[in-house]
Each structure stands twice: as C-alpha cells, then as structure tokens.
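Observations on the model geometry
For reference, the chains in residue letters:
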Amino acid sequence: MEARVHPKQRGAPSNPLHRLRLTDRPWVTRAGSAAASEPCAGRRVAHSAAAERALGPGGAARQGEAAALPRMKRRDFSLEQLREFDGARNPRILLAVNGKVFDVTKGSKFYGPEGPYGIFAGRDASRGLATFCLDKDALRDEYDDLSDLNAVQMESVREWEMQFKEKYDYVGRLLKPGEEPSEYTDEEDTKDHTKQE
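Residues numbered from 1 in each chain as written. Predicted model: local features only at pLDDT ≥ 70, side-chain atom pairs only at ≥ 80, totals over all residues. Heavy atoms only, no water.

Considering the overall build of the protein
Counting secondary structure elements, the protein contains 9 helices and 3 strands. Counting helices and strands in the order they occur from the N terminus, the protein gives α-α-α-α-α-β-β-α-α-α-β-α. Here the protein holds 197 residues, and 47% of them are scored as buried. Within the protein, contacts between residues separated by at least 24 positions form 68% of all contacts whose residues are at least 6 apart in sequence. In the form shown here, the protein has an accessible surface area of approximately 10500 Å², with 50% of it arising from carbon and sulfur atoms. (Helix = DSSP H or I, 4+ residues; strand = E, 2+ residues; numbered from the N terminus. Buried < 20%, exposed > 50% of the residue type's maximum accessible area, 1.4 Å probe, protein only. Contact = heavy atoms within 4.5 Å. Areas by Shrake-Rupley, 256 points an atom, 1.4 Å probe, with all protein chains shown as cover.)

With respect to the packing of aromatic side chains
A complete count under the given rule lists 8 aromatic pairs for this structure. Their ring planes at 85 degrees and their centres at 6.0 Å tell us that Y111 and Y168 sit as a pair that is edge-to-face. In this pair, Y111 is assigned in helix α6 (residues 108-111) and Y168 in the loop between α8 (151-167) and β3 (169-173), connecting sequence segments 57 residues apart. For Y111, a relative accessible area of 2% puts it in the buried group. Directly above the ring of Y184 sits R74, whose terminal nitrogen or CZ lies 5.0 Å from the centroid. (Phe/Tyr/Trp six-rings, centres within 6.5 Å; stacked < 30°, edge-to-face > 60°. Lys NZ or Arg CZ within 6 Å of the ring centre and 35° of its normal.)

As for the sheet that holds strand β2 (residues 100-103)
Spatial strand order, β1-β2-β3: 3 strands in an open sheet with antiparallel pairing. Strand pairing shows two members of the sheet lacking a second neighbour, β1 (94-97) and β3, which therefore form its edges. With strand direction ignored, the average angle separating the axes of adjacent strands in the sheet is 35 degrees. Direction of pairing for β1 relative to β2: antiparallel, over a ladder of 4 bridges. Across the sheet, L94 pairs through a bridge with D103, a residue of β2. (Pairing = 2+ DSSP bridges. Axes fitted to C-alpha atoms, helices over the stretch in contact; angles between N-to-C directions.)

Points about α8
Taking 1.5 Å of rise per residue, the 17 residues of α8 would be expected to cover 24 Å, and the 25 Å separating its terminal C-alpha atoms lies within 8% of that figure. Taken residue by residue, α8 has Q153, M154, S156, V157, W160, E161, Q163 and F164 as its buried positions. (Expected span 1.5 Å × (residues − 1).)

Comments concerning unusual backbone geometry
Phi at N98 is positive, roughly 55 degrees, even though this residue is not glycine. Even without a glycine there, the phi angle at L146 is positive, about 60 degrees. Residue position: L146 is located in the loop between α7 (126-130) and α8. Residue L146 is classed as buried on the basis of its relative accessible area of 6%.

A few points about the environment of R83
Inspection of the secondary structure assignment puts R83 in helix α5 (residues 79-83). Distance from R83 to F120, taken between C-alpha atoms, is 9.8 Å for residues 37 residues apart in sequence. Dropping the residues within four chain positions of it, R83 is found in contact with R89, G122, R123, R140, D141 and E142.

Focus on the pairing of β2
Linking β1 back to β2 in an antiparallel pair, the connection comprises 2 residues, with N98 at a positive phi of about 55 degrees. As defined by bridge partners, β2 adjoins β3 across 4 bridges and the pair is classed as antiparallel. Residue V101 lies in a different strand from β3, and its bridge partner there is G172.

A short note on the pattern of salt bridges
Per the stated rule, a full pass over the model turns up 12 salt bridges. Between E161 and K165 there is a salt bridge whose closest N-O contact spans 3.5 Å. With E161 and K165 both in helix α8 and 4 residues apart, this pair spans about one turn of that helix. When salt bridges with common partners are traced through the structure, they connect D76, R173 and E179 into a single cluster. (Salt bridge = Lys/Arg side-chain N within 4 Å of Asp/Glu carboxyl O.)

Thoughts on the environment of T105
Structurally, T105 can be placed in the loop between β2 and α6. When the C-alpha positions of T105 and P91 are compared, they lie 7.7 Å apart, and in sequence the two are 14 residues distant. A polar contact of 2.5 Å, which involves the side chain of T105, links it to the side chain of D103. (Polar contact = N/O pair within 3.5 Å; in protein donor to acceptor, adjacent residues only side chain to side chain.)

See the structure below:
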C-alpha cells in the first residue's frame, strides 16, 4: 500500500525526502489524519530515519564535524536560550520535541540552516511535527503547551519524540515560563550519555 502524501509534496524534486514512501508513519495513510485535519500553507514534513539513510553520501562528513564538538552537559533551556542553538549563531543545533531538548548537530544536513528542516533548529518543533508543517506558522515565539492538538496529533508528537530519543542525544528539558531549571549532577549526565551509546 502506498502512503498518501500532501499535494504540495507531489512532484517536488528539490527535496528528495518527498519522493520516499511514508508507510512507517501510520497517521499519514489514514483518512482524517493529522495532515488532513490541520491545514498548512507551507511545506509538509515527510521525514523518517529511513529518509535520512536514503539521502546517502555527505552525511558522514557532517557527522565528522559534529563529532568535533564535545558532548553537551545536561541542562534545561528556556525558549530564548534554545534559539541560540540554531546552527548559524552557534555550530551546535538543538531542537525541542514534547518538552525535551535534543542535540541534532549530527543531523545538520537536515536541521542546519540550509537543511530541509532547518526551520526547527533552535526551536520547539513539536507543533510542526504534529501537524506535518514546515511553515513558520507552525512555530510559536512563546511556550506552546500543545493543548489545542487533537489525539492523533499528540500521538504523532510522542512518536517523533521516541524517534529523536533513539537517534540523538537528549540534553535537557524545555522550560515553561517561570519554571526553574533542574540541577543535574555529573553522574546523571554521564549515566545518561553512556546509556545512549
């Protein structure tokens, strides 16, 4: 069974991710899916781990650049602090999904300033991933509690969170306004990084 793809994705040769089948994303193939219920004026998310592998050469060089940066110590971020890590102002690229911040620097081919998902760099990507939208309208300048998303969209956010946990380093939480950051011990930080390797 071939997955349904948003009409703006069809025939978009400029982004090879749009040519891939999305059968590993069940909400894309169902009628009444998140993509169908939430209009998006911009490009749609059509990304998966398989899509990253399918893009092939060049990824190894970027991973080498990312490897030159030391692992980031565990810490929490406000939205303002997160924005500094957009790959342009700072070579490290962070993004948040469902209140968790991930270091996606090794995926700079996708999340860097020139990447197809660069719009998410230094931002909370939850709404954009939940609604399959790569438009600036999917990003909020203030903390987004996602309370207006439907059940299918929230399930999508949780699945993206799991995908990011498997592939990238978790570096901390995205703080709600007025929330104090946690103090992490070196032991917690080391244990977490060892577990991911």
